[in-house]
Amino acid sequence: MESVTKSDYLSNNYSSALGQLKSLQRRLNSNEQLLDKYNATTQSDLTKGFASVLTSEELKSSNQGLWYVPHHPVLNPNKPDKMRRICNAASNFHGLFMNDTLQGGPELLANLMGILARFRQEPFALRADIEEMFLKVEVRAEDRDYLRFLWQTADGNIQTYRYNRHTFRAKSSPSCANFALQKYARDNADYFVLASQVTQNNSYKDDLLVSFEIKEEAIILKKDLTDMLARCGFNLTKIILKGIWQMRGQQWDSNISEDLNDDFQSWVSELNAGEPFEVPRWYRTTDEAVRNELHVFVDISEDAFCAMAYKLSEN
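What comes next concerns the included structure. (Residues numbered from 1 in each chain as written. Predicted model: local features only at pLDDT ≥ 70, side-chain atom pairs only at ≥ 80, totals over all residues. Heavy atoms only, no water.)

## Describing the layout of surface pockets
What counts here: A cavity here means a set of points on a 1 Å grid, drawn over the protein atoms and nothing else, where a 1.4 Å probe fits but cannot get out; a pocket is an open set with protein on both sides within 12 Å along at least five of seven lines, and a residue lines either one if it has an atom within 4 Å of a point. Grid points are joined across faces, edges and corners, and a volume is the space filled by probe spheres set on the points. Every helix listed is a DSSP run of H or I at least four residues long, and every strand listed is a run of E at least two residues long, numbered separately from the N terminus. Polarity classes work like this: nonpolar for Ala, Val, Leu, Ile, Met, Phe, Trp, Tyr, Cys and Pro, charged for Asp, Glu, Lys and Arg, and polar for all others, with Gly in that last group.
Roughly 1700 Å³ of volume is contained in the largest pocket. Every residue lining the largest pocket is counted, 40 residues in all, and those nearest its centre are Lys79, Arg84, Glu131, Glu132 and Asp206. Contributing elements (two or more residues each) for the lining of the largest pocket: helix H2 (32-48), strand E2 (71-76), strand E3 (79-87), strand E4 (124-131), helix H5 (173-187), strand E9 (235-241) and helix H9 (258-269). Counting residues per element, the lining of the largest pocket draws most heavily on E3, at 7 residues. A class-by-class count of the residues in the lining of the largest pocket yields 15 nonpolar, 7 polar and 18 charged.

## A look at the packing of H5 against helix H6 (residues 193-201)
Convention followed: For helices, the fitted line uses only the C-alpha atoms of the stretch in contact; every axis is such a line through C-alpha atoms, and the angle between N-to-C directions lies from 0 to 180 degrees. Orientation is classified from the angle alone, with under 35 degrees giving roughly parallel, over 145 giving roughly antiparallel, 65 to 115 giving roughly perpendicular, and any other angle giving oblique. What makes a crossing left-handed is the near helix being turned counterclockwise from the far one by less than a right angle; a clockwise turn instead makes it right-handed. Here, residues are in contact when the closest pair of their heavy atoms is within 4.5 Å.
Here H5 crosses H6 at 155°, and the two axes come no closer than 8 Å. With respect to their mutual orientation, H5 and H6 come out roughly antiparallel. Seen from above, H5 lies across H6 with left-handed handedness. Packed against H5, whose contacting residues are Leu181, Gln182, Ala185 and Arg186, the element H6 presents Ser196, Thr199 and Gln200 at the interface. Here the residues of the contact of H5 with H6 are counted per class, giving 2 nonpolar, 4 polar and 1 charged.

## With respect to empty space enclosed by the protein
In total, this model carries 2 cavities of 30 Å³ or more according to the counting rule given. Its boundaries defined by the atoms lining it, the largest cavity holds a volume of some 60 Å³. Considering the residues around the largest cavity, the lining is formed by Ala17, Gln20, Leu21, Leu24, Val69, Pro70, His71, Phe149 and Leu150. Counting only elements with at least two residues in the lining of the largest cavity, the list comes to helix H1 (14-29) and strand E5 (148-152). Among the elements that line the lining of the largest cavity, the one with the most residues is H1, at 4 residues.

## Some thoughts on the packing of H1 against H2
Following both chains from N to C, one finds H1 and H2 inclined at 125°, their axes separated by 7 Å at the closest point. In terms of orientation, H1 lies oblique with respect to H2. In contact with Leu24, Gln25, Arg27, Leu28 and Asn29 of H1, H2 contributes Glu32, Leu34, Leu35 and Tyr38. The residue makeup of the contact of H1 with H2, split by class, is 5 nonpolar, 2 polar and 2 charged.

## Describing the pattern of salt bridges
Selection rule: Criterion for a salt bridge: a side-chain nitrogen of Lys or Arg within 4 Å of a carboxyl oxygen of Asp or Glu. The buried label applies to any residue whose accessible area, calculated with a 1.4 Å probe on protein chains only, is under 20% of its type's maximum; exposed applies above 50%, and partly exposed to all values in between.
Under the definition given, this model contains 12 salt bridges. Among the ionic pairs, Asp143 bridges to Arg140, the shortest N-O distance being 3.2 Å. When the shortest N-O distance is used, the salt bridge between Arg162 and Asp145 registers 2.9 Å. Residue Arg162 is located in strand E6 (residues 158-163), and its partner Asp145 is located in the loop between E4 and E5; the two are separated by 17 residues in the primary sequence. Note on accessibility: Arg162 and Asp145 belong to one class, buried.

## Side note on the nonpolar core
The test is simple: Grouping buried Ala, Val, Leu, Ile, Met, Phe, Trp, Tyr and Cys residues that are joined through side-chain atoms within 4.5 Å yields what is termed a nonpolar core.
Leu28, Trp67, Met98, Trp151 and Tyr163 are the most contacted members of the largest nonpolar core, which has 30 residues in total. Of all the elements in the fold, those that place two or more residues in this core are H1, H2, E3, E5 and E6. Here this core gets 5 residues from one element, more than from any other, and that element is H1. When neighbours within four sequence positions are excluded, Met98 is seen to be in contact with Leu10, Trp67, Val69, Ala89, Ser91, Tyr146, Leu147 and Ala170. In this structure, Ile130, Phe212, Phe234 and Ile239 belong to the second largest nonpolar core, which totals 24 residues.

## Remarks on H5
Where we set the bar: In this analysis, the expected span of each helix is defined as 1.5 Å times one less than the number of residues it contains.
In a regular helix each residue adds 1.5 Å, so 15 residues correspond to 21 Å; H5 covers 21 Å between its end C-alpha atoms and thus fits that length. Taken together, the buried positions of H5 are Ser173, Ser175, Cys176, Ala177, Asn178, Leu181, Gln182, Tyr184 and Ala185. Buried positions along H5 lie against E4, H6, strand E7 (203-204) and helix H7 (215-230).

## What to know about the environment of Tyr204
Locating Tyr204 in the fold gives a position in strand E7. Ignoring sequence-local partners within four residues, the contact set of Tyr204 consists of Leu109, Ala110, Leu112 and Ile115.

So, in structure tokens, the structure goes:
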């Protein structure tokens, strides 16, 4: 699937990218800890094959359009120890930016309301994230010079790199990554029947949400999803099963493991602040209902609007 559109309007923006790199370096040089983290992310991308260093021969032989993507760190106040290096696909040069020349592609996401409704349908739930989803999908070799970026090495030299994979915030990345995920699921439908169906119907961007009536089905799916997606380079992370004390030998009144505690604390830190309230995930609280009704109330004012939905079951 074509991701980067070759365009005569994208001119070589090396000078602009270099100026932004020098500004970034001044910021990082004033914060040694942030600089170390930034260097680590660059090295990690190289080690994983997400990016590569251009050789002198490659720099001389390039005869097609070029674009240097500026980058900067993004910090999450809820996760002070973590930092992400973000590519700025909206960086302006001569009135244009890279996202101007990219196509968003077709809408390949499953219906979010349907996913959430099915997630609340059964008592046993499974949730998982696909780690670094965009960066697991390759960009065509002939398009990669539009994803160059600059970084200063330890000896002070300016080095030219380029991404081999799709980057976060590029307009084309979501559609391309979802196309790859959905196609792989379809191609493996004969061997991983349920895992293929769940990937196609219950995934939204890099999240998978599904629920089951029987606990053992959730456990089997967890293994099949992990195996199927690993074959194409996708790694499932933060796999959470409801009833965790039953499925991992955990007792209800004993301390959970450090890994599970970290996952839970990370989730709690991301919750929006506000008055606490509880909504049961499993809305089908009985199998004996003879009548189900959905009641929706809406209201609006000059400043806001709201909607509330209630499910009424009659036994």
